[in-house]
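One letter stands for each residue in the lines below.
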Amino acid sequence: MIIHLISVGNKMPRWVQEGYREYAKRLPSECALNLIEIAPGHRGKSADVKRTVREEGERMLKAIPKGCRVVALDVGGKAWSTEQLSAQLGEWMGAGPDIALLVGGPEGLAEACLRQADGRWSLSPLTLPHPLVRVVVAEQLYRAWSLLRNHPYHRA
């Protein structure tokens with residue numbers, strides 16, 4: 001199974017790139033993590049933010065590989081404990097299709113992305129900076145996998 005992390009934003013700070021890569025490389029091929037970056041739209045004084053988010057959503061939906069189960073990262077989604085995420089990861093791995101995790105930009109996901117999603121996952125009720133979400137998702141997926149495989153990384 002491949003987990004496609006489809007995220008708005010490119011040109012991330014080095015710490016984001018390194019943090020993401022560190023956890024992504026730890027995941028085995030049975031649940032490989034693949035980052036797909038979506039170019040962010042124009043933001044500025046005179047920007048039409050609603051249009052920007054809508055266009056980012058359109059690009060994001062086009063980037064979803066065929067046959068993927070789609071999960072939107074959204075503050076209104078389901079919050080999972082580490083154990084619940086591990087069980088969910090086990091279900092995803094057993095079900096077969098690849099997964100597409102959608103991460104929006106600073107204003108969140110386009111409504112079309114939320115409608116397309118088969119499920120919604122909330123990392124926290126806090127608003128997290130979208131670059132940090134990449135690192136948190138990669139680490140949490142690695143932790144969930146380590147729990148599934150009785151790897152010593154997760155010690156709770």
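Basis of the calculations
- Residues numbered from 1 in each chain as written.
- Predicted model: local features only at pLDDT ≥ 70, side-chain atom pairs only at ≥ 80, totals over all residues.
- Heavy atoms only, no water.
- Helix = DSSP H or I, 4+ residues; strand = E, 2+ residues; numbered from the N terminus.
- Buried < 20%, exposed > 50% of the residue type's maximum accessible area, 1.4 Å probe, protein only.
- Contact = heavy atoms within 4.5 Å.
- Areas by Shrake-Rupley, 256 points an atom, 1.4 Å probe, with all protein chains shown as cover.
- Lys, Arg positive; Asp, Glu negative; His and termini not counted.
- Charge placed at Lys NZ, Arg CZ, Asp CG, Glu CD.
- Polar contact = N/O pair within 3.5 Å; in protein donor to acceptor, adjacent residues only side chain to side chain.
- Pairing = 2+ DSSP bridges.
- Right-handed = clockwise from strand over helix to strand, strands pointing away.
- 1 Å grid on protein atoms, 1.4 Å probe; cavity = no way out; pocket = protein on both sides within 12 Å on 5 of 7 lines; lining within 4 Å.
- Points joined across faces, edges and corners; volume = space filled by probe spheres on them.
- Nonpolar A, V, L, I, M, F, W, Y, C, P; charged D, E, K, R; others polar.
- Axes fitted to C-alpha atoms, helices over the stretch in contact; angles between N-to-C directions.

(A) Summary view of the overall build of the protein chain. Counting secondary structure elements, the protein chain contains five helices and five strands. Mapped from its N terminus to its C terminus, the protein chain presents α and β elements in the order β-α-β-α-β-α-β-α-β-α. Expressed along its principal axes, the backbone C-alpha trace of the protein chain runs to roughly 50 × 30 × 25 Å. Here the protein chain holds 156 residues, and 46% of them are scored as buried. For the protein chain, long-range pairs separated by at least 24 residues make up 82% of all intrachain contacts whose partners lie at least 6 apart in sequence. When the accessible surface of the protein chain is split by element, carbon and sulfur atoms take 51% of a total near 8400 Å². Each charge class in the protein chain can be summarised by its mean position, and for the 21 positive and 16 negative side chains these summaries are 3 Å apart.

(B) Here's a closer look at the side chain of Ser7. Of note, Ser7 is situated in strand E1 (residues 2-8). On the accessibility criterion, Ser7 (0% relative accessible area) is buried. Only 3.3 Å separates the side chain of Ser7 from the side chain of Arg134, close enough to count as a polar contact. Aside from chain neighbours lying at most four places away, what touches Ser7 is Leu35, Ile36, Glu37, Ile38, Met60, Val103 and Arg134.

(C) Summary view of the pairing of E1. Within E1, six of the seven residues are buried, leaving the element largely enclosed by the surrounding structure. As paired strands, E1 and strand E2 (residues 32-38) are joined by seven bridges and run parallel to one another. Pairing of Ile6 across the sheet is with Ile36, part of E2. Between the parallel elements E1 and E2, the chain passes through helix H1 (residues 14-26) in a crossover that is right-handed. Where E1 meets strand E4 (residues 99-103), five bridges bridge the pair, whose relative direction is parallel. Across the sheet, the residue bridging to His4 is Ala100, located in E4.

(D) Structural view of the layout of surface pockets. One number sums up the size of the largest pocket: a volume of about 400 Å³. Looking at the largest pocket, it is lined by 21 residues, and the ones nearest its centre are Leu73, Asp74, Val75, Leu128 and Val133. At the level of elements, strand E3 (69-79), strand E5 (119-122) and helix H5 (130-148) are the ones that each hand at least two residues to the lining of the largest pocket. When residues of the lining of the largest pocket are assigned to their parent elements, the largest contribution, three residues, is made by E3. Here the lining of the largest pocket is composed, by residue class, of twelve nonpolar, seven polar and two charged.

(E) How the structure looks around the sheet that holds E2. Spatially, the five strands line up as an open sheet ordered E2-E1-E4-E3-E5, and their pairing is parallel. Each edge of the open sheet is held by one strand with a lone partner, namely E2 and E5. Ignoring strand direction, the axes of neighbouring strands in this sheet form an average angle of 35°. Strand direction decides the pairing type here: E3 and E4, joined by four bridges, are parallel. Of the residues in E4, the one forming a bridge with Val70 is Ala100.

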